[in-house]
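Each chain, letter by letter, is given below.
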Protein chains: 2
Amino acid sequence: MDDAYVHGYHARENARLHDQADALVEMLHGDTRYGAGSSVLEAGCGVGAQTLTLAARSPEAHFTSVDISADSLAEARRRSELAGLTNVEFRRADISDLPFEPESFDHVFVCFVLEHLAEPIQALTALGEVIRPGGTITVIEGDHGSTFFHPDNAAAHAAIQCLVDLQARAGGDALVGRRIFPLMVGAGFGEVRVDARMVYVDSGHPDLVEGFTKKTFTAMIEGVREAAIGAGLIDAEIFDAGVRALQRTTEPDGVFCYTFFKGVGEKRNA
Amino acid sequence: MDDAYVHGYHARENARLHDQADALVEMLHGDTRYGAGSSVLEAGCGVGAQTLTLAARSPEAHFTSVDISADSLAEARRRSELAGLTNVEFRRADISDLPFEPESFDHVFVCFVLEHLAEPIQALTALGEVIRPGGTITVIEGDHGSTFFHPDNAAAHAAIQCLVDLQARAGGDALVGRRIFPLMVGAGFGEVRVDARMVYVDSGHPDLVEGFTKKTFTAMIEGVREAAIGAGLIDAEIFDAGVRALQRTTEPDGVFCYTFFKGVGEKRNA
């Protein structure tokens, strides 16, 4: 796992990220709108799951969406064309070495990226440099340690912990969501406001049972089965029991909870 | 602990419950209003922490607030008089054996009570019997398993687990919040809607750092120190390290998260 992006790049994974975006769009992005003529850097756009929502909601803003993976960018570009978006420019770039002048954007948007980084404050600081004073940065991350469910089950927690451990081995932090406030403050942003956005799923919300508990979260855990067993983190039997226990939470009397965090801060004057 | 209410009845505990009510009132109760002339049973009012808020927000509704403890009721009555409330009648009663006719209330409100009960569905079913068809029940509970924080700390989780274990030994369930939906459905209520209400605390919210993380949650954990150590659930050193770790989350770079659940359901027609 050391040399690969934990979430992988193959087709099934793309489908999962797309389902996730569909189910969570309103909750995570409903309050993000950029004004006419503003320039926004989306740092780490991946396959464009967030790009489409962002660009469609702020049709008069101009987006520059960058990612380090050429394959992801190709998929993001394809989706953007399919959606008929005209206000997004895709560009290959490493967010730790951005090819932009200082203060060249009004806003930065970074979603599900910090979890993969060993030095998130350093990355946020670098992103801050390309924002004009008074501009904003928006940061969104999940936190796998926020997961709880009914019926509770130790094997399910053990399976989830595998993803946390794999993320840590790859240099990231799957518990980064809870740290957004200190990270943003530590990177020098002002007026930092973070709020927690829990996905609460019971059988009264069949769209979330399907779109979040099954197709997003449980699929994500299932996706690391071979890596977790191969790394000796868990026995196959326990892992599989954990996945079954997560599936069990999608029955009529089950409940599943997961929390994302969204922070907004301002670039201070120099 | 087997014969005592886990939260105790002494003065310090009353102060804690009062601080908790102050900090959380708007989030938990802001959307609970009862119409003019409606009759509301508050089942398990304790020292009246919720009663004052409820009755003040719905001044034209009539509340009957019951509790099994005469001491708690005396304190609730004292507070109610101090606040000048005229729409609350206090009465000693056991919620498992209510002294009311069937369908004699428009609504029932029950907050921080199910966590103490071995048979919560049975209690909810009994409460349903005193509601008229078409009336509502509102259920609010916390869930100690929803707790996470930064910096993360194993001793803090172990100290929290002591409260969960003590609650279980006393026949209750400190993880009941996540189960509100299945419990309400299981008790026969219709149109059940549950939502999660997370208290997210970072140093940008000094009122919550003080009122929730310190004076409510950490104080509650500290309150079971002797019981937990006496029961052999934990070593004193680990418990104290856990409390210090919880206090650590109140520093400028710390974060603390806890989730309450609020459910509303309808009494079906017979």
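Conventions used here
Residues numbered from 1 in each chain as written. Chains lettered and ligands numbered in written order. Predicted model: local features only at pLDDT ≥ 70, side-chain atom pairs only at ≥ 80, totals over all residues. Heavy atoms only, no water. Pairing = 2+ DSSP bridges. Helix = DSSP H or I, 4+ residues; strand = E, 2+ residues; numbered from the N terminus. Axes fitted to C-alpha atoms, helices over the stretch in contact; angles between N-to-C directions. Contact = heavy atoms within 4.5 Å. Buried < 20%, exposed > 50% of the residue type's maximum accessible area, 1.4 Å probe, protein only. Least-squares fit on C-alpha atoms with pLDDT ≥ 70 in both. Buried area = accessible area lost by both parts, 1.4 Å probe. Salt bridge = Lys/Arg side-chain N within 4 Å of Asp/Glu carboxyl O. Polar contact = N/O pair within 3.5 Å; in protein donor to acceptor, adjacent residues only side chain to side chain. Disulfide = S-S within 2.5 Å.

Enquirer: Describe the sheet that holds strand S5 (residues 131-150) of chain B, and please don't skip the residues or the numbers.
Expert: Residues and elements named next belong to chain B. With mixed pairing, seven strands are arranged side by side in an open sheet as S3-S2-S1-S4-S5-S7-S6. For this open sheet the edge positions go to strand S3 (88-92) and strand S6 (190-202), each flanked by a neighbour on one side alone. Each adjacent strand pair in this sheet contributes to an overall mean axis angle of 20°, direction not counted. One ladder, built from six bridges, connects strand S4 (residues 105-111) with S5; its direction is parallel. Within the sheet, the bridge partner assigned to phenylalanine 109 lies in S5 and is threonine 138. Set on the sheet, helix H4 (residues 120-129) makes contact with strand S1 (39-43), S4 and S5; between it and S5 the angle comes to about 150°.

Enquirer: How would you summarise the sheet that holds strand S2 (residues 62-67) of chain A if you had to cite specific residues and measurements?
Expert: All names here are of chain A. Strand order across the open sheet formed by seven strands is S3-S2-S1-S4-S5-S7-S6, with mixed pairing between neighbours. The open sheet has two free edges, formed respectively by strand S3 (88-92) and strand S6 (190-202), since each of these has just one partner strand. Pairs of neighbouring strands in the sheet enclose a mean axial angle of 20°, with direction left out of account. Sheet topology places S2 next to S3; five bridges connect them, and they run parallel. For threonine 64, the partnering residue across the bridge sits in S3 and is glutamate 89.

Enquirer: I'd like to hear about the environment of methionine 220 of chain A, residue by residue, with values.
Expert: All names here are of chain A. With respect to the helices and strands, the residue methionine 220 is situated in helix H7 (residues 206-222). By relative accessible area, which is 9% here, methionine 220 ends up buried. Sequence separation of methionine 220 and leucine 208 is twelve residues, and the distance between their C-alpha atoms is 15 Å.

Enquirer: Could you give me a rundown of the relation of the copies chain A and chain B, with the residues and numbers involved?
Expert: Of the two same-sequence chains, chain A is brought onto chain B (RMSD 0.0 Å, axial shift 0.0 Å) by a rotation of 180°. Taken together, the rotation and translation relating the two chain copies correspond to the operation of a two-fold axis. Closest to the rotation axis within chain A is the C-alpha of serine 146 of chain A, separated from it by 3.5 Å. An overlap of 100% is found between the interface residues of chain A and their copies at the interface of chain B, pointing to a shared contact surface.

Enquirer: Describe the interface of chain A and chain B, and please don't skip the residues or the numbers.
Expert: Contact with chain A, which involves 26 residues of that partner, is made by 26 residues of chain B. Roughly 2,000 Å² of surface becomes buried between chain A and chain B when both sides are summed, with 70% attributable to carbon and sulfur atoms. Summed over the three residues of chain A that lose the most area to chain B, namely Phe148, Arg178 and Phe181 of chain A, the buried surface amounts to 31% of that side. Inspection of the chain A/chain B interface yields two salt bridges. Of the charged contacts in the structure, one is a salt bridge between aspartate 152 of chain A and arginine 178 of chain B, with a shortest N-O distance of 3.9 Å. Counting the contacts that link chain A with chain B gives two residue pairs in polar contact (both at pLDDT 80 or more).

Enquirer: With reference to specific residues and values, describe the environment of proline 206 of chain A.
Expert: Mapped onto the elements of the fold, proline 206 of chain A is located in helix H7. With relative accessibility at 55%, the residue proline 206 of chain A sits in the exposed group.

Enquirer: Tell me about the state of the cysteines, and please be specific about residues and values.
Expert: The final tally for this structure, using the stated rule, is zero disulfides over all chains. Take cysteine 111 of chain A: it sits in no disulfide, and the sulfur closest to it among the cysteines is that of cysteine 45 of chain A, at 11 Å. Left without a disulfide partner, cysteine 257 of chain A is nearest to the cysteine sulfur of cysteine 257 of chain B, which lies 13 Å away. Judged by its relative accessible area of 0%, cysteine 257 of chain A falls in the buried class.

Enquirer: Any details on the environment of leucine 246 of chain B? Residues and values, ideally.
Expert: Residue and element names in this part refer to chain B. Residue placement: leucine 246 occurs in helix H9 (residues 236-248). Leucine 246 gets classed as buried once you look at its relative accessible area, which sits at 0%. Between the C-alpha atom of leucine 246 and that of histidine 150, which follows or precedes it by 96 residues, the distance is 9.0 Å. Residue contacts for leucine 246: discarding those within four places in its chain leaves Phe149, Ala156, Ile160, Thr213, Phe217, Thr218, Ile221 and Phe256.

That is the geometry; function is a separate question.
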